[in-house]
Amino acid sequence: MHIEEHVPLATLTTFGIGGPARYFIWATSLDELREGLRFADERQLPVFVLGGGSNVLIDDRGFGGVVIHIAIEGIQYEVAGSHTTVIVGAGESWDGLVSEVVDKELWGIENLSGVPGTVGGAVVGNIGAYGQVQSQTLQWVEVLNTKNNVIECIENTQCQFGYRESIFTHDAGTYIVVRAAYALSHEAKPELSYADLQKTFADQANPSLLSIREAVLHIREGKFPDLLQEGSAGSFFKNPIVSKEEAAVLRERYPDMPQFSMPETTGVKIPLGWLIDHVLHLKGYSEDGARLFEKQALVIAAKRGTSANAVRALANTVREKIFSACGIAIEHEVKIIS
């Protein structure tokens, strides 16, 4: 295990923001992960587990404890009847996984193409996009329980998956994802309920896996900033989930506002981006280098050199204005580390 000190974290995140880690450990194996945790425990330092850095905003002062970057890789395939179980290391690129299984004609996560970050991060945040959620195909998660240093296998039903949440967000720090297993189908099961995909494939009854992946990547390209030009962590805010009764009240108040049922919850998803754009008229609004992205108001984009404080200030402005105008308390999807 190699331990580095005062490692800049900005370059390890898609926001490109953040100060240094006091200690930084690159964990490529379970043994290195355990060694890193032991190192932190001996010094009574806090631990932050970093994956692909795609869903975090790190404080300008950095992190005064131990950052452990999960780089456990490996992909295994186990064929069983009409599906294949794909067992993946938590440090594998999520989109790299999607690309590989699409090439192998395995269905179930193709609509999640282009989502940045690692497999471990995808599990923890229960990523979802364009009608699919990773929890729909996940079978089990192998984790290290930091309380007893024991490897455990947690079945899907025990993961408490919800909209962008799981047992791993509820009990943050207790479980560190090591591997995950997905059951992917050999049979064509296109999920085209999302409006943009319906439009794309209006004249195609049976689109191929590759064409769906390419369509999703094209749609995402039009909705998210170019990370080569500026920083972002994708959707900064969660879309609020409300009861059917609350949704009916909002529908009466805003007749043109779309509403969506959710595969991971019985509630109704309210499109926050629509509210920011059509009620607050804030799409494109900026503060000190941070702005609500012109093509998707849920996204905060940041020019190079923008501070974490500026991003947080903009997020607070949105939160306060939404509550004042709509009576809805919103949460940020991005994890803020200080």
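Structure shown above.
Below or above, wherever it landed, is the structure these notes cover. Computed from a prediction, not measured in an experiment: that's the story for all the values here. (Residues numbered from 1 in each chain as written. Predicted model: local features only at pLDDT ≥ 70, side-chain atom pairs only at ≥ 80, totals over all residues. Heavy atoms only, no water.)

A few words now on the sheet that holds strand β19 (residues 299-302). Pairing is antiparallel in the open sheet, where four strands are placed in the order β13-β19-β18-β17. Lying at the two open borders of the sheet, with one neighbouring strand each, are β13 (231-235) and β17 (286-287). With three bridges joining them, β13 and β19 adopt antiparallel strand pairing. In the strand pairing of β19, S232 is matched with A301. Packing against the sheet, helix α9 (residues 308-326) makes contact with β17, β18 (290-292) and β19, and its axis sits at approximately 30° to β18. (Pairing = 2+ DSSP bridges. Helix = DSSP H or I, 4+ residues; strand = E, 2+ residues; numbered from the N terminus. Contact = heavy atoms within 4.5 Å. Axes fitted to C-alpha atoms, helices over the stretch in contact; angles between N-to-C directions.)

In an α-helix, one turn spans 3.6 residues; hence positions three or four apart end up facing the same way. For helix α2 (residues 94-103), the complete set of buried residues consists of W94, L97, V98, V101 and V102. Within α2, the buried residues cover an arc of 130° as seen down the axis, which keeps them to one side. The inward-facing, buried residues of α2 abut β6 (75-80), β7 (83-89), α3 (119-125), β12 (175-185) and α6 (209-221). Capping the start of α2 is the job of one residue whose side-chain oxygen sits 3.4 Å from the backbone nitrogen of D95: S93. (Buried < 20%, exposed > 50% of the residue type's maximum accessible area, 1.4 Å probe, protein only. Arc of directions from axis to C-beta. Polar contact = N/O pair within 3.5 Å; in protein donor to acceptor, adjacent residues only side chain to side chain.)

Here we take up the pattern of salt bridges. Following the criterion strictly, the structure yields twelve salt bridges and no others. One salt bridge connects E333 with R164, and the closest N-O pair in it is separated by 3.8 Å. Remark: R164 occurs in the loop between β11 (150-155) and α4 (167-170) and E333 occurs in the loop between α9 and β20 (335-337); sequence separation between them is 169 residues. The salt bridge partner of E331 is K238, with a shortest N-O separation of 3.6 Å. Within this pair, whereas E331 is found in the loop between α9 and β20, its partner K238 is found in the loop between β13 and β14 (241-242), the two being separated by 93 residues in sequence. Put simply, D59, R61 and R312 are held in one network by salt bridges that share partners. (Salt bridge = Lys/Arg side-chain N within 4 Å of Asp/Glu carboxyl O.)

This part is about unusual backbone geometry. Located in the positive-phi region is N126, a residue other than glycine, with phi close to 45°. Owing to a relative accessible area of 0%, N126 belongs among the buried residues under this scheme. With a phi close to 55°, D288 is a non-glycine residue in the positive phi region.

Let us now look at the environment of D288. Positionally, D288 belongs in the loop between β17 and β18. Residue classification places D288 among the exposed positions, given a relative accessible area of 70%. Residues D288 and F201 lie 87 residues apart in sequence; the distance between their C-alpha atoms is 41 Å. What D288 contacts, discounting residues up to four positions off in sequence, is T306 and A310.

Judged by pairing direction, the sheet is mixed, and its four strands sit side by side in the order β1-β2-β5-β3 without closing on themselves. Single-partner strands in this sheet number two, and they are β1 (3-8) and β3 (47-50). Ignoring strand direction, the axes of neighbouring strands in this sheet form an average angle of 35°. Two strands pair when backbone bridges link them, and β1 and strand β2 (residues 20-27) are joined in this way by five bridges, in the antiparallel orientation. When the bridges of β2 are listed, E4 appears paired with F24.

Next up on the list: the packing of helix α8 (residues 272-279) against α9. The contact between α8 and α9 brings their axes to 11 Å, and the two run at 80°. Classified by the angle their axes make, α8 and α9 are roughly perpendicular. In this structure, α8 contributes L272, L275, I276 and V279 to the contact, and α9 contributes V318, I322, A325 and C326. Grouping the constituent residues of the contact of α8 with α9 by class yields eight nonpolar, no polar and no charged. (Parallel < 35°, antiparallel > 145°, perpendicular 65-115°, else oblique. Nonpolar A, V, L, I, M, F, W, Y, C, P; charged D, E, K, R; others polar.)

By size, the foremost hydrophobic cluster in this structure holds 58 residues, and its most contacted members are L33, W94, V123, F168 and Y182. Here this core gets seven residues from one element, more than from any other, and that element is β12. Membership of the second largest hydrophobic core comes to 35 residues, among which are F15, L250, M257 and V334. (Core = buried A, V, L, I, M, F, W, Y, C linked by side-chain atoms within 4.5 Å.)

Describing two packed helices takes the angle between their axes plus the distance from one axis to the other. Running from N to C, α2 and α6 cross one another at 150°; their axes reach a closest spacing of 9 Å. In terms of axis orientation, α2 runs roughly antiparallel to α6. Packed against α2, whose contacting residues are D95, V98, S99 and V102, the element α6 presents L209, L210, R213 and L217 at the interface. Its residues assigned to classes, the contact of α2 with α6 comprises five nonpolar, one polar and two charged.

Here the focus is the packing of aromatic side chains. Evaluation of the coordinates by the stated rule reveals nine aromatic pairs. Centroid distance W94 to Y182: 5.7 Å. Interplanar angle 70°. Geometry classified as edge-to-face. Note that W94 is positioned in helix α2 and Y182 in strand β12, a separation of 88 residues in sequence. You can call Y182 buried: its relative accessible area is 0%. Taken together, the ring pairs connect F15, F236 and F237 into an aromatic cluster. Across the ring face of Y77, the terminal group of K104 is positioned such that the distance to the ring centre comes to 4.8 Å. (Phe/Tyr/Trp six-rings, centres within 6.5 Å; stacked < 30°, edge-to-face > 60°. Lys NZ or Arg CZ within 6 Å of the ring centre and 35° of its normal.)

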